[in-house]
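# Fold and geometry: a report
What follows is each chain in one-letter form.
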Amino acid sequence: MNKDLTVGEPEKVLWRFCLPLFGSIIFQQLYNIADSFVVGKFVGENALAAVGNSYEITLIFIAFAFGCNIGCSVIVSRLFGTKEYGEMKTAVYTSLIATGALCGLLMLFGILSCDWLLQLIHTPEEVLADSMIYLDIYVWGLPFLFFYNVCTGIFSALGDSKTPFVFLAISSLSNIAVDILFVKAFGMGVAGVAWATFLCQGVSCVLAVIFVLRRLAAIKSEQKAKAFSWLLLGRIAVIAIPSILQQSFISVGNIVLQSVINGFGASVMAGYSAAVKLNNLVITSLTTLGNGISNFTSQNIGAGKLYRVKQGFRAGVKIVWMVCIPFVLLYFLTGRYLVYLFMEDITGTAIDTGVEFLRIVSPFYFIISVKLVADGILRGSGLMGRFMISTFTDLILRVALAFALSVPFGSTGIWCAWPMGWILGATLSTLFYHNGPWKEAAVPADTSN
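Quantities reported herein were computed from a predicted structural model and do not represent experimental measurements.

Right, let's get into the packing of aromatic side chains. Applying the stated criterion across every chain yields a total of 19 aromatic pairs. Where Tyr272 meets Trp415, the ring centres are 5.4 Å apart and the plane angle is 5°; that geometry is what we call stacked. Separated by 143 residues along the polypeptide, Tyr272 in helix 9 (residues 266-302) and Trp415 in helix 14 (residues 411-434) bring together distant segments of the chain. No difference in accessibility class separates Tyr272 from Trp415, as the two residues are buried. Between Tyr365 and Trp422, the ring centres sit 6.2 Å apart and the planes meet at 40°, which makes this aromatic pair tilted. Here the residue Tyr365 occupies a position in helix 12 (residues 365-380), and Trp422 occupies one in helix 14, the gap between them amounting to 57 residues. Here the two residues Tyr365 and Trp422 agree in accessibility, since each one is buried. Taken together, the ring pairs in this structure connect Tyr272, Phe357, Trp415 and Trp418 into an aromatic cluster.

In structure tokens:
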């Protein structure tokens, strides 16, 4: 069901819109968590390290899929807010075509260079073969990743966050069952979890595309939609390219960090792999809530209601902080038992590493969540230059500090780099938000919304 985000009390509107988005990303993260859980429990520590090592490279591809999602979503929501439905449909078709072309190029890149990337990050010999198997299968599933992400962006732009949630819930739960079947029953090892993800994500993608096309057909428009528009592609690219660059640089930064972590051996790699999956569950959830705020911002700017952007920021911060509270408590107080879910032994270097990472990083979720809300507004309003400055400053500082602090403090120094970068990035994003074009916007006297 399509929903107009430009009417109603902003906090209630965002709660209703963002909660299904939050549920969707929880199930999305179950894909990666399930992979690590199954190989860690049923194959071994080296297999867990291989999946975690490969995951950092898959983030490059996810960065491009994320950029396609955001670029399409912001422009489609803007056109939906202005009720230009013919142009909106053209933007959707243009996004799907451009995404297909980009995905083809990235598949070629992945097929030719994954082995080189694994060597570049100093992947230990004992996990190299499994890492390569996982990545080979993953690359062939990229069309499912890309088209599914674009479809979820379209649903969100139309104010519908429930349909993607249903798809992901079914697909993620199926993925867990197929993971266990392929690994435990069929003995397929790391390849088993990769094929399980391929199959289940493929089903989600096909269903999402079908539902998007049906949803568009049900929206009546005065003008006939074109199959492709270079003009709209340019507008989409203005949002998508900075988002892709942002996420790509984050991915490259994570790969650089992974290369530093790899120097501490397979046990530290395994502990980090488990803990970072738990960490990514939170960060990706908060990022997705920020994306929802982007859609809210874009629709309201399209409708000329700048005053609602400030209301959306306050409501967004309240929502993300309420999400952070249980995660911080859970990770800080019971981190050992959560990391143990991925391990066979509750003692040892691997599990100690994971616990230390969570205890250092988790209290700062309140800081990074404010940054992601502000980033969502900057992105939804098209202020991509400010958005990129904040993100790159955070990333560069984190990577530089990880290198510097790993020498005197070992892996502990690497984990400490996370909150330092987050604090600076959050400061910049918040300052940029407060100086946005909505700064002087006042609530009209004839409405409480």
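At Lys83, a residue that is not glycine, the phi angle is positive and equals roughly 65°. Relative to the helices and strands, Lys83 is located in the loop between helix 2 (45-81) and helix 3 (85-120).

The terminal C-alpha atoms of helix 6 (residues 162-185), which comprises 24 residues, lie 34 Å apart, in line with the 34 Å expected from a rise of 1.5 Å per residue. The complete set of buried residues in helix 6 reads Thr163, Pro164, Phe167, Leu168, Ala169, Ser171, Ser172, Asn175, Asp179, Phe182 and Val183. A positive backbone phi angle near 65° is found at Gly187, which sits one or two residues after helix 6.

Definitions and cut-offs
- Residues numbered from 1 in each chain as written.
- Predicted model: local features only at pLDDT ≥ 70, side-chain atom pairs only at ≥ 80, totals over all residues.
- Heavy atoms only, no water.
- Phe/Tyr/Trp six-rings, centres within 6.5 Å; stacked < 30°, edge-to-face > 60°.
- Helix = DSSP H or I, 4+ residues; strand = E, 2+ residues; numbered from the N terminus.
- Buried < 20%, exposed > 50% of the residue type's maximum accessible area, 1.4 Å probe, protein only.
- Expected span 1.5 Å × (residues − 1).

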